[in-house]
Amino acid sequence: MMIRFAIVPLLLALNFSMCKRNETVSQNPQPAGASPSAPASTTTPVAAASPKITKPVVDQTAQVIIFCYHRLVGKVRYPGTEITPAAFEAQMKELKDRGITVIPMQDLLAWKRGEKNIPPRCAVISFDDGWKSQYEVAWPIMKKFEYPFTMFIYTEGVRGGSLGGGEAITWEQLAEMRDNGVDIEAHTATHQDLREGHTIMVANPGGKRSRTKLTGPQYEQWVQNEVVGSKQLLEQRLGIKVNCFAVPFGNYNEHVKELARNAGYEAMFTVYGQPITFTSPLDSLGRYAIEANKPKVFEDALKMIGTSTGGAAAVAEVGAKDLATQPTDGETVRTALPLIKANLSAIGQIEPGSVQMRVSGLGVVPASYDPKTGIVSYQVTQKLREKSCSVFVSAKSAGKKVEAHWTFGIEEGATGGTISPPPTPKK
Ligand SMILES: [Zn+2]
């Protein structure tokens, strides 16, 4: 288990998940295409608070934010993937207080299919990887609020699997959750970068693991097991239907998407948080990863779906290329302490004080903005722990919010996570 920690520590912090829906035998007898008039409670008995559906037509202006949590612990040691039960519970309460309806993942998908209406402002709660604290700590809290939720499981991490240590959930616990209406979905087999040619750990005969880069047929065989095999295993072990796929670290590409689509996944999830609208593409639904060291992410996410009177403010998307970013989109840098820059002059007149930069793993950073040059910059002072880093820069121009985002890589070995205490022991 310690060995495994050393191998996979970083991956957890940045998971991307994509979801599937599982239908439990006992409580969800309906097929995915449930009739629009079906009460929400048919899908998830847990969601006693779900409103009865009265409108035959779905509300296309509704918005959904999806949250992603990892471990719940009394004492946070790895703030990148942990949160205290008290902080978690406070967030669940805040959703209720703010009139945001927590809906089952399958209702979100049914809404996207035009089959089921949802309230104007909703949240979906998901838990990644399969930690036992999700069963022991999070679940009782979710029961208290009668909130439905989704578990994204990577199968080798379940206790008894090659990566499943003492903090991992067991198949028996997952079965119990399933029987109580919890949605269980896929998060690969071994939780790694799914793109061809990227460094991964593989198990060798004898149980030893080694670092390698797979290409060609070997890669195809491996990725098939990650994307398709993990789904089949969950379906077979638990007797469920999996239709959501959470991509580890959000590292995927068109090929992986195609594999996932062919395998029958209806939706794929990343950890690039964004409000989900009726037209959001199903193969890249962004979730907000909530962790102890970024409490603001939760608040900001709530703001994104605006007030009860309407949706989020319109955001105009600007290509990162137009902002001459540094590092550039797709670039791999050699340091975990990069200087991040973007030139906002292409956007036009920027409202002073409106410039914001957020960095994956850090949240909003104290970036400096020079109105004369239009350059916003931030020198990272705390080693980035993930090998992939996403930057979001936003500003207001002429009363409108404008946003750009891009992703760069950090060379293997340079990330803070590989050195010093592993930031995130996976279960
Ligand atoms: Zn994960």
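Residues numbered from 1 in each chain as written. Predicted model: local features only at pLDDT ≥ 70, side-chain atom pairs only at ≥ 80, totals over all residues. Heavy atoms only, no water.

Chemist: Would you explain the overall build of the protein chain in this entry?
Modeler: Secondary structure summary: the protein chain contains 10 helices and 22 strands in total. With 427 residues in all, the protein chain has 56% of them scored as buried. In the protein chain, the share of contacts with a sequence separation of at least 24, taken over all contacts with a separation of at least 6, comes to 71%. (Helix = DSSP H or I, 4+ residues; strand = E, 2+ residues; numbered from the N terminus. Buried < 20%, exposed > 50% of the residue type's maximum accessible area, 1.4 Å probe, protein only. Contact = heavy atoms within 4.5 Å.)

Chemist: I'm lost on the pattern of salt bridges in this one. Help?
Modeler: Oppositely charged side chains are able to pair whenever their charged atoms sit close together. Overall, the coordinates contain 23 salt bridges when judged by the stated rule. Linking D193 and R195 is a salt bridge whose minimum nitrogen-to-oxygen distance equals 2.7 Å. Ionic pairing is found between E412 and R211, a salt bridge with its closest N-O pair at 2.8 Å. Placement of E412 in the segment after β22 (400-410) and of R211 in strand β9 (residues 209-213) is noted, with a sequence separation of 201 residues between them. (Salt bridge = Lys/Arg side-chain N within 4 Å of Asp/Glu carboxyl O.)

Chemist: Looking at this structure, I do not really get helix α7 (residues 171-179). What am I missing?
Modeler: Helical geometry: 3.6 residues make up each α-helical turn, so side chains three or four residues apart lie on a common side. When α7 is considered as a whole, its buried residues turn out to be W171, Q173, L174, A175, M177 and R178. Check the buried side of α7 and you find it contacts α6 (132-145), β6 (150-153), β7 (183-186) and α8 (216-238). G181 lies just past α7 and shows a positive phi near 90 degrees.

Chemist: Just to check I follow, could you spell out the packing of α7 against α8 for this structure?
Modeler: Relative orientation and spacing of two packed helices are given, respectively, by the angle between their axes and the distance between those axes. Running from amino to carboxyl end, α7 crosses α8 at an angle of 75 degrees, the nearest separation of the two axes being 10 Å. One element, α7, and the other, α8, form an angle in the roughly perpendicular class. Taking contact as the criterion, the partners of W171, L174, A175 and R178 in α7 are, on α8, L233, L234, R237 and L238. Classifying every residue of the contact of α7 with α8 by side-chain character gives six nonpolar, no polar and two charged. (Axes fitted to C-alpha atoms, helices over the stretch in contact; angles between N-to-C directions. Parallel < 35°, antiparallel > 145°, perpendicular 65-115°, else oblique. Nonpolar A, V, L, I, M, F, W, Y, C, P; charged D, E, K, R; others polar.)

Chemist: Teacher, can you tell me more about the pairing of strand β1 (residues 63-69) here?
Modeler: Along a regular strand, successive side chains alternate from one face of the sheet to the other. With seven of seven residues buried, β1 lies mostly within the body of the structure. Residues Q63, I65, F67 and Y69 of β1 are buried on one face, and the alternating residues V64, I66 and C68, pointing to the opposite face, are buried as well. With seven bridges joining them, β1 and strand β5 (residues 121-129) adopt parallel strand pairing. Opposite Q63, over in β5, you have R121 as the bridge partner. Sheet analysis places β1 next to strand β13 (residues 288-289), joined by two bridges and oriented parallel. Opposite C68, over in β13, you have A289 as the bridge partner. (Pairing = 2+ DSSP bridges.)

Chemist: Would you explain the packing of α6 against α7 in this entry?
Modeler: α7 packs onto α6 with a crossing angle of 40 degrees between their chain directions and a minimal axis gap of 9 Å. Classed by the angle they form, the pair α6 and α7 counts as oblique. Where α6 crosses over α7, the two elements pack in a sense that is left-handed. Where α6 abuts α7, its residues K132, Q134, Y135 and W139 lie against Q173, E176 and M177. Taken together, the residues that form the contact of α6 with α7 break down as three nonpolar, two polar and two charged. (Left-handed = near helix turned anticlockwise from the far one by under 90°.)

Chemist: What's the story with the sheet that holds strand β16 (residues 339-343) in this structure? I'm lost.
Modeler: Either a parallel or an antiparallel arrangement is found when strands of a sheet pair, and the pairing is made through backbone hydrogen bonds. An order of β16-β20-β19 is seen for the three strands of this open sheet, with the pairing classed as antiparallel. The two strands at the open ends of the sheet, each matched to only one other strand, are β16 and β19 (368-370). Pairwise comparison of adjacent strand axes, ignoring direction, gives a mean angle of 15 degrees for this sheet. By the bridge criterion, three bridges tie β19 to strand β20 (residues 375-379) in an arrangement that is antiparallel. Note that in β20 the partner of Y369 across the bridge is V376.

Without other data, these values stay purely geometric and don't point to any function.
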